[in-house]
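If you want the building blocks of each chain, they are given just below.
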Amino acid sequence: MKSAPVHFIRELEIRSQVAETFEEVRKTLADALPDARIEHVGATAVPGALTKGDLDVCIQVERGAFSSADQFLAALFNRNTESGRTASFSSFTDDAREVPVGVQLVLAGSREDVFIRWRELLRRSPELLTAYNALKSSWHGR
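A brief look at the structure comes next. Source: prediction; values computed, not measured. (Residues numbered from 1 in each chain as written. Predicted model: local features only at pLDDT ≥ 70, side-chain atom pairs only at ≥ 80, totals over all residues. Heavy atoms only, no water.)

Once that is clear, we can look at the pairing of strand 4 (residues 55–61). Within strand 4, six of the seven residues are buried, leaving the element largely enclosed by the surrounding structure. The pairing of strand 4 with strand 7 (residues 101–107) spans seven bridges and is classified as parallel. When the sheet's bridge partners are listed, V57 is paired in strand 7 with V103. (Buried < 20%, exposed > 50% of the residue type's maximum accessible area, 1.4 Å probe, protein only. Helix = DSSP H or I, 4+ residues; strand = E, 2+ residues; numbered from the N terminus. Pairing = 2+ DSSP bridges.)

Taken in spatial order, the five strands of this open sheet run 2-4-7-6-5, and their pairing is mixed. The sheet is open, and its two edges are formed by strand 2 (37–41) and strand 5 (78–79), each paired on a single side. Pairing of strand 5 with strand 6 (residues 89–94), which is carried by two bridges, proceeds in the antiparallel orientation. What sits directly across from R79, in strand 6, is F92. In the packing of helix 2 (residues 63–76) onto the sheet, the strands contacted are strand 4, strand 5, strand 6 and strand 7, and the crossing angle to strand 7 comes to about 160 degrees. (Contact = heavy atoms within 4.5 Å. Axes fitted to C-alpha atoms, helices over the stretch in contact; angles between N-to-C directions.)

Turning our eyes to something else, we now look at helix 1 (residues 15–32). In this model, helix 1 (18 residues) spans 26 Å end to end at C-alpha, consistent with the 26 Å of a helix rising 1.5 Å per residue. Listed as buried for helix 1 are V18, T21, F22, V25 and L29. What you see down the axis of helix 1 is that its buried residues fit within an arc of 105 degrees, all on one side. Facing away from the buried side of helix 1, by more than 90 degrees, are the exposed residues E20 and D31. Buried-residue contacts for helix 1 involve strand 2, strand 4, helix 2 and strand 7. (Expected span 1.5 Å × (residues − 1). Arc of directions from axis to C-beta.)

Before going further, it helps to examine the nonpolar core. Grouped together as the largest cluster of nonpolar side chains are 22 residues, with contacts concentrated most on L29, V57, I59, L73, V103 and L105. Of all the elements in the fold, those that place two or more residues in this core are helix 1, strand 4, helix 2 and strand 7. When neighbours within four sequence positions are excluded, L105 is seen to be in contact with I59, V61, F66, A69, D70, L73, S88, F89, S90 and F92. (Core = buried A, V, L, I, M, F, W, Y, C linked by side-chain atoms within 4.5 Å.)

To continue, consider the side chain of D54. Position of D54 among the secondary structure elements: in the loop between strand 3 (50–51) and strand 4. Buried charged residue D54 carries no salt bridge. Nearest counter-charge: K52, at 4.1 Å. Beyond its immediate stretch of four places on either side in the chain, D54 contacts I14, T44, V99 and P100. (Lys, Arg positive; Asp, Glu negative; His and termini not counted. Salt bridge = Lys/Arg side-chain N within 4 Å of Asp/Glu carboxyl O.)

Here R10 is to be found in strand 1 (residues 9–10). By relative accessible area, R10 is classed as partly exposed at 42%. Sequence separation between R10 and V114 is 104 residues, and the spatial gap between their C-alpha atoms is 23 Å. If sequence neighbours within four positions are ignored, R10 has contacts with G48, A49, L50, T51 and N133.

This is the structure:
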């Protein structure tokens, strides 16, 4: 399957729409997953980052909550079949919203539990963010 060309914009261009969408998603998820850590991650969570224009949400849960959270999310969203699925990671999508949504369910402390740390690294390091944006720019339109 051939991928479509990817185009990037500055997160600032869609910051308000993303914030509204995140709040809608967060409220829905928080009621059903009260013990989960629900975080806005990905490029739209990093000021100055280049983004495809989507919202990424990380849901971090403890081991005993992973299976039920996975089942709940599968009923609410489409499974992301292009992403791997393990006993400690599941990925979901919702492209029906104004801002497309990707949801990453991770087991706290697992090897897949990198989304929040990556966001924090990009926020703290202007050099890393510059390199990240340069890498994305090299793929713009391809």
